[in-house]
Amino acid sequence: MAGPRDPAERCSCRNTNCVERPLRRLFEGLARAVAACPWPFVLLPLLLSGGLGAGFLFLPRREANDIEEQFTPTWGPAKAERDFVRRRFPTNDSQRFSAQRLPTEGAYAALIAVATGGTSVLEPAAWAEVRRLNATVHDAEYERLCARTAHGCDSPNPLLSRLGDAGRPDLENISFPLNDGVFLGTALGGVETEGGRLLGARALKLVYYLREDGPEAQDSRRWLERFLRDISSKVADLRLSSIQVTYFTSLSRQEEFEGNTSSVIPLFSVTYFLTITFAVVSCLRLNCIRNNIWLACCGVLSSGLAVLSGFGLMLFCGVPFVVTVANAPFLILGVGVDDMFIMIASWEQSLRKKEKSNVKSLLAETYAEAALSVTITTLTDVLAFFIGTWTAFPSVRSFCLYTGTAFVFCYVYTMTFFGAVLVLNHKREQGNRHWLTCMRVDVGKDEAENSCLYNACCIGSCSRQPSQPEGEHPMSIFFKKYYGPFVTNKWVKLLMVLLYGAYLGGSIYGCTQIREGIDLRNLASDDSYVIPYYDDDEKYFSTYGPRVMVVITESVEYWNESVRLGIESCAQSLENISYVDKNYSESWLRVYTELAQRVSININSKTDFLSGLNTLFEIVPSFEWDINRTQDEIEASRFFVQTVNVTSAVDEKNLVNQLREAAKQCSIPLQVYHAAFIYYDQYLVIVQNTVQNVVVAAGAMLVVSLLLIPNPLCCLWVTFAIASVIVGVAGFMTFWSVNLDSISMINLVICIGFSVDFSAHISYAFVTSGESSANKRAIEALSLLGYPVLQGAVSTILGVVVLAAANTYIFRTFFKIMFLVILFGALHGLAFIPVFLTFFGNFGSSPHNTMSKKLEHRFRNDKDCP
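### Thoughts on the overall build of the protein chain
Secondary structure summary: the protein chain contains 30 helices and 13 strands in total. Taken over 866 residues, the protein chain has a buried fraction of 58%. By sequence separation, contacts in the protein chain at least 24 residues apart represent 80% of the contacts at least 6 residues apart. Summed over its atoms, the accessible surface of the protein chain is roughly 35,400 Å², and 58% of this surface lies on carbon and sulfur atoms.

### Quick word on the pattern of salt bridges
Overall, the coordinates contain 24 salt bridges when judged by the stated rule. Across the pair Asp-139 and Arg-226 runs a salt bridge whose closest N-O atoms are separated by 3.9 Å. Residue Asp-139 is located in the loop between helix H6 (124–137) and helix H7 (140–145), and its partner Arg-226 is located in helix H9 (residues 217–238); the two are separated by 87 residues in the primary sequence. Put simply, Glu-216 and Arg-211 hold a salt bridge, and the shortest N to O gap is 3.7 Å. Taking the relative accessible area as the measure of exposure, Arg-211 reaches 8% and is therefore buried.

### Considerations on the side chain of Asp-741
On the secondary structure map, Asp-741 appears in the loop between helix H26 (712–735) and helix H27 (742–767). No salt bridge forms around the buried Asp-741; measuring N to O, its nearest opposite-charge neighbour Arg-515 is 9.3 Å away. If near-sequence neighbours (up to four positions away) are discounted, Asp-741 is found in contact with Gly-517, Ile-518, Ile-686 and Tyr-809.

### Examining the state of the cysteines
All chains considered together, the criterion is met by two disulfides. Between the sulfur atoms of Cys-146 and its disulfide mate Cys-153 the distance is 1.8 Å. Handedness here is read from the sign of the S-S torsion; for Cys-146 and Cys-153, about -75°, the answer is left-handed. Classification of Cys-153 as buried rests on a relative accessible area of 18%. Residue pairing for Cys-570: its cysteine sulfur links by disulfide to Cys-666, the two sulfurs lying 1.4 Å apart. Sign of the S-S torsion, about 70° for the bond between Cys-570 and Cys-666, identifies this disulfide as right-handed. Of this pair, Cys-570 sits in helix H20 (residues 561–575) while Cys-666 is found in the loop between helix H23 (649–665) and strand S13 (670–673), placing the two residues 96 residues apart along the sequence. Taking the relative accessible area as the measure of exposure, Cys-570 reaches 5% and is therefore buried.

### A few points about the side chain of Asn-425
Structurally, Asn-425 is set in helix H15 (residues 394–430). The buried category is assigned to Asn-425, whose relative accessible area is 8%. A polar atom in the side chain of Asn-425 sits 3.0 Å from the side chain of Arg-428. If near-sequence neighbours (up to four positions away) are discounted, Asn-425 is found in contact with Asn-291, Asn-292 and Leu-295.

### Focus: the pairing of strand S6 (residues 188–194)
A regular strand places its side chains so that they alternate between the two faces of the sheet. The pairing of S6 with strand S7 (residues 197–210) spans six bridges and is classified as antiparallel. Bridge assignment links Val-191 to a residue of S7, and that residue is Ala-201. Connecting S6 to the antiparallel partner S7 that follows it, the hairpin turn spans two residues, and Gly-195 within it adopts a positive phi of roughly 60°.

Procedures and definitions
Residues numbered from 1 in each chain as written. Predicted model: local features only at pLDDT ≥ 70, side-chain atom pairs only at ≥ 80, totals over all residues. Heavy atoms only, no water. Helix = DSSP H or I, 4+ residues; strand = E, 2+ residues; numbered from the N terminus. Buried < 20%, exposed > 50% of the residue type's maximum accessible area, 1.4 Å probe, protein only. Contact = heavy atoms within 4.5 Å. Areas by Shrake-Rupley, 256 points an atom, 1.4 Å probe, with all protein chains shown as cover. Salt bridge = Lys/Arg side-chain N within 4 Å of Asp/Glu carboxyl O. Lys, Arg positive; Asp, Glu negative; His and termini not counted. Disulfide = S-S within 2.5 Å. Polar contact = N/O pair within 3.5 Å; in protein donor to acceptor, adjacent residues only side chain to side chain. Pairing = 2+ DSSP bridges.

Purely spatial values, then, with no claim about function.
Right, here's the structure in full:
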């Protein structure tokens, strides 16, 4: 029977061997298989990528860029409310159209005319140009397709129907914002009044609604497409001098959003050029035999194959391809290059230790050293992405599925394709063949006759002696002799603590200023025609917000006075909200109650109440559309309240929350609805979803860390780094004008994986160091891993930096947050964590740990080609 184990051995098994040893054996076995027969591991990934890449044939059918579908919560309350309104209050836009009663935005074209020179759009010259503009749009085809009321086409602006063709508008008898029961608040902007009488307006809005019910729907869409195509030239032909015109349609937001993907495609080539250049420069050597340029190129190719395979597989599986997924290749490329550097670094380390060994032993040693590190970083990143699929936003779900799957292929191809390339490149070196031509370079008895230039190019040395494997990398020396001692100086450590305090304070303040929700204007490119329209709309028409529909959802006894008083009480509670102006509410029940008093209708009798409604409909026909009734019951009804001063995302969030809360507290079954609430619903879940995903992902990262880097102190610092980086990114993105929306939410999930990448290996190298003092352990950790962390940060930023030049908010936001993630992650790994470890690192680590060198190399993150 074997005797008792040594305590150090027992600790080693408990802390590392139980998980690490089986993984090492698995990777060593894979390495020997790759080394024994490398060509299948080169060809199979190429063939697999080609086969899966055929999935891109399905790309046109998988594109799913519907803004409502992708960027609003899947189960948002407003969608259920809209379905209810559609069922209970069907529209008829060929006979009884009413814009405020639409369950959707409708099909429309809109123009905003702004008077030039600070004058009024109702001045004679400007008004004449407005009428000319209206005549240009109101053509025969529009007359055929327009949404109609009982009096013909719905007027694009109430003043046009009131003032007609008057050369000089008569404003004497026009009040604002309510004129003869017609609400003008959304028709005129920048208004000047006196005692409620209209004096002038800086802007006027023309909205041309078209039929979207029935067979004319497709014709209406074609009319809108033609409108967008021709309106600029038509306005130019009018030679307007008194007004400036901006335009928009119900198709604009969607079409502009769909055009974003094509705008970023040219940036792919720039990204691959930058990444290949960086990889080649990092691996460039002045030796035609030992040059690793082909390794660098194949490493980048491996990332490209991963994108092709991962995306192709998702397309085959029918996963929707959203425009946000176009960000993923930039990220995958940067991470794939990091893995390449890990493999090359461990390969070179194996060569230095076992120069005479066969290729199987060399690759087995390489995989034993590098594969666990690559596994840790890949597993944390992939977990973060797949946890990110637990979201209410389909756009986030699609991005995480595509990116997580591509990361898996990136890992598999690094372990197979790139490992086989390492073997083939080694065989080329062993055969003394030139890196470019693969021709044999003879270094023999005639070498003395060769020139110094020949020897420098073909041998790597003028001394006519073949170059030997290099020693420690200069950057590792820099971190060991200069940066490490500098950062562990007591005054520098004090400075780092103060700097971290400033960082944390700024981050926390920024978190309190976070703005929620995606601004719909940001879905278009910066040079889109919709941006000036949004600017004019916000500047001149933001005083009055959505006209909200309040629906009584169940059948109640309206002829019961107590029920009517309950409905009135509910209406008043809604009108008491600060965002509602009670003067502009519209309620059929209030009008009916007043009418009953004037004409002596007994509305306390069910029979008289129901029969008297016909009298109400004769006076106000539109009220008939607000009541869903059968012969002897009113199944549902609705009234309207006017919102005001809804000018920001905070106002939108507060408005919908307060309205719904007031409706919930009401004794009558109520729901509030407006088409814009579909987008406002994002405020209800964005913070909850983000916190949920971040917390779950952080927990998963800790589990992975405990299993694969099983040291309690190390896991404590990993936890600290994750929390600190997330707080920093969330806070500082506010200062960079980035909202917390479904796009930035993706990146906050990515934070988790990259926080682990930058922090785990530095802290683990520290706690497993065999040096005698905390400062020396910090210096050793930095000398081993400082340059790999720096290089990993640079390569990842290079992968996304071109997105900074994109003219679209979605891609710029991706760059901004990824830049913050990498910057703060590297700052923690290279500055904050090493300093804090010198203060608290003596707990839980032994200064006499004999495993340090081997374990630190085993868990290195990235390394340059020496």
